[in-house]
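Residue strings, one per chain:
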Amino acid sequence: MVRKLEYDVVIVGLGPAGSSLAYHLRKTGLRVAGLDIVDWDGLWGKPCGDAIGEHHFHENHMPLPDGDALANRVEGIDIYSPSEEVKLRVNGKGFMINRNAYGRRLVEEAEKAGVSIHLKTYVYKPILDNGRLVGVAAKKEGEEIIFSGKVIVDATGTSGVIRRRLPKEWPVNEPLKPVDMNVAYRRIVRLKDPIDDPSYIRIYVNQEIAPGGYWWLFPKSEYVANIGLGVQGGRGYPHPKEIYEQKLMKRSDVGSQVEVYADAGAAVPTRRPANTLVWDNFLGIGDNGYTVNPVHGGGMGYAMHAAYHASRAIVNAFEEGDFTRHGPLWSLNIAYMRGLGAKQASLDIFRMYLQELSNEEIEWGLRNGVMRAEDAYETSVTGDLKANLSVLDKAKLLVKLLGRPSMLQELITVSRYMKRVKELYKTYPENPDELSSWVAKVEALYKEYKTKLNINW
Ligand SMILES: Cc1cc2nc3c(=O)[nH]c(=O)nc-3n(C[C@H](O)[C@H](O)[C@H](O)COP(=O)(O)OP(=O)(O)OC[C@H]3O[C@@H](n4cnc5c(N)ncnc54)[C@H](O)[C@@H]3O)c2cc1C
C-alpha cells in the first residue's frame, strides 16, 4: 500500500536552504511539508567550516544564532600568503555556528507553526503526470509515501535527487562539472594550546597544500577549531583528507590536536549559479542550484538568500494560482540572478583566475599590495574586482605591476570580464522563453574569457 499525502509545497531536504524556506513559509497559511532523510540530530549535518557573515541573517530575515547555536563571534578574517609572512586582515562581523542547533531551531519553529516535518524520509524520485511535476516518491521507515504538491522544491544539496531525475530537456537539469566544485574535508578538534585571537578566522592560500582552494583554521572557542581544506575537483589532485593527514598534521598548530569531535568530507559547488532555479512546479535552491560563493565556498548565506526569494515567489504563485515557469515562480530567478547571482557569476570569473595562479604569483600580489584588505572585502561583497588596479593611475602600483607585465594585463582582463558577466546577469530574462538565448551569451562570454586567459579545463 502506498500512502498519499497532499500539500501545497513539498520541500525536499532541510539543510540551510530547505529549512530556511520552511521557516519563511511557516506563517503563510500554505500546507507545507519538509522532508529529510536524517533525524533531528542529523539536521544541517553536511560537513562545513561553520563560518557565516552576520549580514546574511539581516538581509534574509533570519534569526541570529544564539544559545547552543552560537559557538563564537567573529570579528574578521586573516588571509595568509603562501609563505605566511603576509597577512591580510579583513574586518567584518560574523559567527561560528553549531549547525545542528541552528538548523533544529528553524525546523522546530516551522513545525510549531504548522509545517509538516517528515524526518527519516528518503526521497528517491520525482513523480510526473503527463509531463507535469506533481510530487515525489519517498520511503519513511519502510513505508512508501507519495508526497504531492503544486510546488516541489529540491533543496537536497549536491545530490540533487529531484533535479537530476527531471526530463533532460528541462534546463534545470544542468550538470555540475567536477572542475566547478571543491572537494573539501574538515575536522572539529580540540587543540593543546589556546588559539591566539580566536575572534579572527584564518584562511591560508597555498597552492601546494590546497590546490585550487585554500585551507582554513576557524576557532569555535579558545581551544576548539574547525580545520579543513578544499581542493579543486577534476584536476587529479590528492583527496583533501590525505593532504590533511600528510601535510597539515605536520604543522605545530594543526598537529597539536588532542581530541577530534568530528571529521568528514563533502563537495561544494564553486561556480556561477545554475542557469535557472525554476521550472514548471519546480524550484531548486542552495547547493542544488549552485548558489554558493565561488571564491570562498561559503554557501549557507547564499542558500538563505535563495530560500528567502523562493518563499516570496511561492506565495505569489499561490495568490495567482499559476505554478508554471511563466508565472510568479520565475521571480526567484529574476531576484537571485540580477542580485547576488550577478555577483556570484562575476566572482566565478575571479575564481578561475585565482585557481591558475602559482604560489609565487600569489605571494607577490599580496606582498605588493595588489589587493588590500578593504579591497578583498569589497570584492567579495560586490563582485567587482576592487584591486588596486582600479586606480591604475596610482603611479607606485603601476610601476610595481610593470615589473610583471603579464600579471598587469591579466588583471585588467579579469576585471573587464567580471564587469561584463555582471552586466549580463543584470539582463537575466523576464521571460523563460528567452532563457536559452541568454544562456548562449553567458556561455560564449565564459568561453572567450577562458581562451584569453588560457584556461583549458
Ligand atoms: C568542508 C566544507 C566546508 C564548508 N564551509 C562553509 C563555511 O564555513 N561557511 C558556509 O557558509 N558554507 C560552507 N560550506 C558550504 C555549505 O556547507 C553548503 O553550501 C550548505 O550546507 C548548503 O546547504 P543546502 O541546504 O543547499 O544543502 P545541504 O547542507 O547539503 O542540505 C541538503 C539536505 O538534503 C537532505 N537530503 C539529501 N538527499 C536526500 C534525499 N534523497 N531524501 C531526503 N533528504 C535528502 C540532506 O540530508 C540534507 O539535510 C562548506 C562546505 C564544505 C563541504
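Residues numbered from 1 in each chain as written. Predicted model: local features only at pLDDT ≥ 70, side-chain atom pairs only at ≥ 80, totals over all residues.

1. Focus: the overall build of the protein chain
No. 1: From N to C terminus, the protein chain includes twelve helices and 18 strands.
No. 2: The C-alpha atoms of the protein chain give 22 Å as radius of gyration, which agrees with the globular expectation for 457 residues (23 Å, within 12%).
No. 3: Each principal axis of the C-alpha atoms in the protein chain carries an extent, and together these give about 70 × 55 × 40 Å.
No. 4: Counting contacts in the protein chain only where the partners sit at least 6 residues apart, residues at least 24 apart contribute 70% of the total. (Helix = DSSP H or I, 4+ residues; strand = E, 2+ residues; numbered from the N terminus. Rg over C-alpha atoms; globule rule 2.2 N^0.38 Å. Contact = placed C-beta atoms within 7 Å.)

2. Considerations on the domain arrangement of the protein chain
No. 1: As far as domains go, the protein chain holds domain 1 (3-49 + 101-174 + 271-338), domain 2 (74-92 + 178-269) and domain 3 (342-452).
No. 2: In this assembly, 15 residues from domain 2 lie in contact with ten residues from domain 3.
No. 3: In terms of residue count, strand S6 (residues 87-97) provides more of the side of domain 2 that touches domain 3 than any other element does, four residues in total.
No. 4: Split into classes, the residues belonging to the side of domain 2 that touches domain 3 amount to six nonpolar, seven polar and two charged. (Domains from an automatic or database assignment. Nonpolar A, V, L, I, M, F, W, Y, C, P; charged D, E, K, R; others polar.)

3. Considerations on the packing of helix H5 (residues 300-320) against helix H6 (residues 331-338)
No. 1: Running from N to C, H5 and H6 cross one another at 155 degrees; their axes reach a closest spacing of 8 Å. Looking at the two axes, H5 sits roughly antiparallel to H6. Here H5 and H6 pass one another in a crossing that is right-handed. Touching Ala 306, His 309, Ala 310, Arg 312, Ala 313 and Asn 316 of H5 are Ser 331, Leu 332, Ala 335 and Tyr 336, all from H6. (Axes fitted to C-alpha atoms, helices over the stretch in contact; angles between N-to-C directions. Parallel < 35°, antiparallel > 145°, perpendicular 65-115°, else oblique. Left-handed = near helix turned anticlockwise from the far one by under 90°.)

4. Points about the site of the ligand
No. 1: In the neighbourhood of the ligand, 40 residues make up the surrounding shell, with Gly 15, Gly 49, Gly 157, Gly 286 and Gly 299 lying closest.
No. 2: Sorting the residues of the shell around the ligand by element identifies helix H1 (16-25), strand S4 (51-53), strand S8 (121-129), strand S12 (181-191), strand S16 (257-269) and H5 as the ones contributing at least two each.
No. 3: By residue class, the composition of the shell around the ligand is 21 nonpolar, 14 polar and five charged. (Near = placed C-beta within 6 Å.)

5. Looking at the sheet that holds strand S17 (residues 278-279)
No. 1: In space, the six strands of this open sheet follow the order S7-S3-S2-S11-S18-S17, with mixed pairing throughout. Where the open sheet ends on each side, the last strands, each with one partner, are strand S7 (116-118) and S17. (Pairing = 2+ DSSP bridges.)

6. Some remarks on helix H8 (residues 359-367)
No. 1: Among the residues making up H8, those that are buried are Ile 362, Gly 365 and Leu 366. Along the axis of H8, the buried positions cluster into a sector of 95 degrees, meaning they face one direction only.
No. 2: Of the surrounding secondary structure, the elements contacted by the buried residues of H8 are S6.
No. 3: After H8 finishes, the residue Gly 369 shows a positive phi value of roughly 70 degrees. (Buried ≥ 20, exposed ≤ 12 C-beta atoms within 10 Å, placed from the backbone. Arc of directions from axis to C-beta.)

7. Concerning the pairing of strand S11 (residues 151-154)
No. 1: Judged by which residues are buried, S11 turns out to be covered on both faces: Val 151 and Val 153 on one side and Ile 152 and Asp 154 on the other are all buried.
No. 2: Of the pairings in the sheet, the one linking strand S2 (residues 9-12) to S11 comprises four bridges and is parallel in character. The residue bridging Ile 11 from the neighbouring strand is Val 153, located in S11.

8. Observations concerning the nonpolar core
Nonpolar side chains tend to gather and get buried jointly when the protein is soluble and globular.
No. 1: One finds Val 10, Ile 11, Val 153 and Ile 285 to be the most contacted residues of the largest nonpolar core, which totals 118 residues.
No. 2: Tallying contributions element by element places H5 first for this core, with eleven residues. (Core = buried A, V, L, I, M, F, W, Y, C linked by C-beta atoms within 7 Å.)

9. Description of the environment of Arg 3
No. 1: If you trace the backbone, Arg 3 turns up in strand S1 (residues 3-6).
No. 2: Residue Arg 3 is classed as exposed on the basis of its 11 C-beta neighbours within 10 Å.
No. 3: Once the C-alpha coordinates of Arg 3 and Asn 72 are considered, the two residues, 69 residues apart in sequence, prove to be 44 Å apart.

10. A few points about the packing of H1 against helix H3 (residues 99-112)
No. 1: The contact between H1 and H3 brings their axes to 8 Å, and the two run at 35 degrees. Note that H1 runs across H3; the crossing there is left-handed. Side by side, H1 and H3 meet where Ser 19, Ser 20, Ala 22 and Tyr 23 of the first sit next to Gly 103, Leu 106, Val 107, Glu 109 and Ala 110 of the second.

11. A few points about unusual backbone geometry
No. 1: Notably, Glu 84 is not glycine yet its phi reads approximately 65 degrees, a positive angle.
No. 2: Residue placement: Glu 84 occurs in the loop between strand S5 (70-80) and S6.
No. 3: By C-beta crowding, Glu 84 is classed as exposed, having 12 other C-beta atoms within 10 Å.
No. 4: Unusually for a residue other than glycine, Tyr 290 sits at a positive phi of about 60 degrees.
No. 5: With respect to the helices and strands, the residue Tyr 290 is situated in the loop between strand S18 (282-284) and H5.
No. 6: Of the residues examined, Tyr 290 has 29 C-beta atoms within 10 Å and is grouped as buried.

12. Focus: the sheet that holds strand S9 (residues 132-140)
Sheet strands line up and pair through hydrogen bonds in the backbone, either parallel or antiparallel.
No. 1: Taken in spatial order, the four strands line up as S1-S10-S9-S8 in an open sheet, and their pairing is mixed. With partners counted over all chains shown, the strands left at the sheet margins are S1 and S8, one partner each. Going from strand to strand, the sheet's axes swing by 25 degrees on average, the running direction of each strand aside.
No. 2: Strand direction decides the pairing type here: S8 and S9, joined by eight bridges, are antiparallel. Bridge pairing in S9 links Lys 125 to Ala 137.

13. Notes on the environment of Glu 259
No. 1: Positionally, Glu 259 belongs in strand S16.
No. 2: A count of 11 C-beta atoms within 10 Å places Glu 259 in the exposed class.
No. 3: Counting along the chain gives 71 residues from Glu 259 to Ile 188, while the straight-line C-alpha distance between them is 8.6 Å.
No. 4: Excluding its chain neighbours within four sequence positions, the residues that come into contact with Glu 259 are Val 189 and Arg 190.

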